[in-house]
Amino acid sequence: LKPHFTLRSIQIGFCAVRRLKEDRQLFRGGLRILLPSPWVFPPALTPCFSPQIQFADQKQEFNKRPTKIGRRSLSRSISQSSTDSYSSAASYTDSSDDETSPRDKQQKNSKGSSDFCVKNIKQAEFGRREIEIAEQEMPALMALRKRAQGEKPLAGAKIVGCTHITAQTAVLMETLGALGAQCRWAACNIYSTLNEVAAALAESGFPVFAWKGESEDDFWWCIDRCVNVEGWQPNMILDDGGDLTHWIYKKYPNMFKKIKGIVEESVTGVHRLYQLSKAGKLCVPAMNVNDSVTKQKFDNLYCCRESILDGLKRTTDMMFGGKQVVVCGYGEVGKGCCAALKAMGSIVYVTEIDPICALQACMDGFRLVKLNEVIRQVDIVITCTGNKNVVTREHLDRMKNSCIVCNMGHSNTEIDVASLRTPELTWERVRSQVDHVIWPDGKRIVLLAEGLVLFLPRAALPTFVLSITATTQALALIELYNAPEGRYKQDVYLLPKKMDEYVASLHLPTFDAHLTELTDEQAKYLGLNKNGPFKPNYYRCSSCRAQNCGIVEWLGWRDLIGHRIELG
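What you see is a predicted model; the values in this text were computed from it and never measured.

A. Seen up close, the sheet that holds strand β12 (residues 347–351). A sheet is described by the order of its strands in space; here eight strands give the open sequence β13-β12-β11-β14-β15-β18-β17-β16, paired in mixed fashion. Of all the strands in the sheet, just β13 (367–368) and β16 (426–431) have a single pairing partner and so form its edges. With three bridges joining them, strand β15 (residues 403–407) and strand β18 (residues 444–448) adopt parallel strand pairing. Residue pairing across strands places cysteine 403 opposite isoleucine 445, the latter belonging to β18.

B. Expanded view of the packing of aromatic side chains. This model, assessed by the stated rule, comprises eight aromatic pairs. Ring centres of tryptophan 220 and tryptophan 247 lie 5.2 Å apart, and the angle between their planes is 20°; on these two criteria the pair is classed as stacked. Here the residue tryptophan 220 occupies a position in helix α6 (residues 216–227), and tryptophan 247 occupies one in helix α7 (residues 243–251), the gap between them amounting to 27 residues. By relative accessible area, tryptophan 220 is classed as partly exposed at 21%. Judged by relative accessible area, tryptophan 247 falls into the buried class, the value being 11%.

C. Examining α7 more closely. Within the span of α7, buried status applies to Asp243, Leu244, Thr245, Trp247 and Ile248. On its buried face, α7 sits against β5 (158–163), α6, β8 (236–239), β9 (261–264) and α8 (267–278).

D. Summary view of the packing of helix α2 (residues 124–135) against helix α4 (residues 167–178). Where α2 meets α4, the axes come as close as 8 Å, and the angle between the chain directions of the two elements is 80°. The angle between α2 and α4 places the two elements in the roughly perpendicular class. For the pair formed by α2 and α4, the contact residues are Arg128, Glu130, Ile131, Ala134 and Glu135 on the first element and Ala167, Gln168, Ala170, Val171 and Glu174 on the second.

E. Looking closely at the packing of helix α3 (residues 139–147) against α4. Where α3 contacts α4, the two axes come as close as 9 Å, and the packing angle between them is 15°. By the criterion of interaxial angle, the relationship of α3 to α4 is roughly parallel. For the element pair α3 and α4, the recorded crossing hand is left-handed. Residues Leu141, Met142 and Arg145 of α3 form the contact with α4, whose participating residues are Val171, Leu172, Glu174, Thr175 and Ala178. For the contact of α3 with α4, a count of residues per class yields five nonpolar, one polar and two charged.

F. A look at unusual backbone geometry. The residue after glycine 532, namely proline 533, is reached through a cis peptide bond having omega 5°. Phi is positive for aspartate 317, which is not a glycine, with a value near 55°. Looking at the element boundaries, aspartate 317 is found in the loop between α9 (293–316) and β11 (324–328). By relative accessible area, which is 42% here, aspartate 317 ends up partly exposed. Even without being a glycine, serine 402 presents a positive backbone phi close to 70°. Checked against the element boundaries, serine 402 lands in the loop between α13 (393–398) and β15.

Parameters and conventions
Residues numbered from 1 in each chain as written. Predicted model: local features only at pLDDT ≥ 70, side-chain atom pairs only at ≥ 80, totals over all residues. Heavy atoms only, no water. Pairing = 2+ DSSP bridges. Helix = DSSP H or I, 4+ residues; strand = E, 2+ residues; numbered from the N terminus. Phe/Tyr/Trp six-rings, centres within 6.5 Å; stacked < 30°, edge-to-face > 60°. Buried < 20%, exposed > 50% of the residue type's maximum accessible area, 1.4 Å probe, protein only. Contact = heavy atoms within 4.5 Å. Axes fitted to C-alpha atoms, helices over the stretch in contact; angles between N-to-C directions. Parallel < 35°, antiparallel > 145°, perpendicular 65-115°, else oblique. Left-handed = near helix turned anticlockwise from the far one by under 90°. Nonpolar A, V, L, I, M, F, W, Y, C, P; charged D, E, K, R; others polar.

Structure follows, in structure tokens:
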């Protein structure tokens, strides 16, 4: 079976004696099952076939992409794939579900609440299983949750969030709830939501407004439903990309009078915050989680090193050995992508604007080029810069036939997809989030996820790595919420290295790792506290500010891993 077809259920009943005396071929919607002739079974086990084959989508035409996408048309046009993350093939029981926008449905959870909007609340059981699996790989959040049994450092916090809604995010949200917070959530990406996880959160009482395959109108509607609710006003923001922050600034600026802080985890969102700060328009303190060492070194590097291969393999089934690949950007994401592809035997080129990153690429054995120099010969183009128009229409016109184009950066502006929506080009849907864009002369490129970040809709994310980022986010929220007035001004801050080191140490027991401790003499020689921090606050991020962190005071004794935390 080709992996892009979804076989929902095949029921085979063993019954009375029957022989299939001729070749039979079951064909529906492009799926073929060949049955040999004859099928010979022992009399007691001769099968009576009653195949019930259901597909996420019946035969659909994708000869050309529509130029205007309505509120429901986008979710209708996206065919479900066998690579969708469902705990069981039975998680979808009604194919007609896909025909109705969640905004037009009247759904209630088992407690009678309807304050949510998800694809199908009936999928909650399957989502709960995925969340339980994720919990096993997120030791730090579970440790914080255990500690919260006696203390509620987020009691009274009303957190509005806009992140990817996955099983890992669900563990974070439930941890914030255990710490005393109230949460309302929307998705920061129209493709990355796991519908069954969103359903599980809604069933647990979290107001979640998200589903996979939202239109742009749906996207902003979901954010607005999180923010604009009678009798509830947020006092904390957790954002990924800056869209939620932008929406509140645009529509509800008075809300910032009660908001204590913003926590942002993406390159794009952090860039927007610095722009607001520079212009004097940042109304509240903000925590830059993206530039924390634990985020840069682990999430951006190790997560992308694994997910780039998974995403490309799931979408294209391609062989990496010998392929020529150009990776635009050699930050932590680019480093992870290059290392993975090089290990698989690909010939990797790098483009970079920063001389330091460029020198690192050269020292790591990659050839530094300009995109124009290799665009005609490469088989794969990967962007991971966070910038805009990195791959322009001119580049797309010059690409070879069947070149694969994808984005690993957060921003969906890196590839100029808008320039491809012209009458002379034909869009052909291959499978979910895989499109052929065909030129008049017959040349085609393979565009993945329509230029959105590849690894979330089409690849499995290492839960353990995401645990590190989620823990940093949780600690940042605790710090901003509990900080005394005057500790943080209306600026962008970074959690101090003490917290980075604490997050890392919470994950070490998983590996049965044992840290070496400095002797008094060694600590005095280095001028360090024996318990850290071992790096200065300017390490890796000299442009970001960090101050002594009150969250250390909340954590108190480091009973979770056996030794004490003290303020540096």
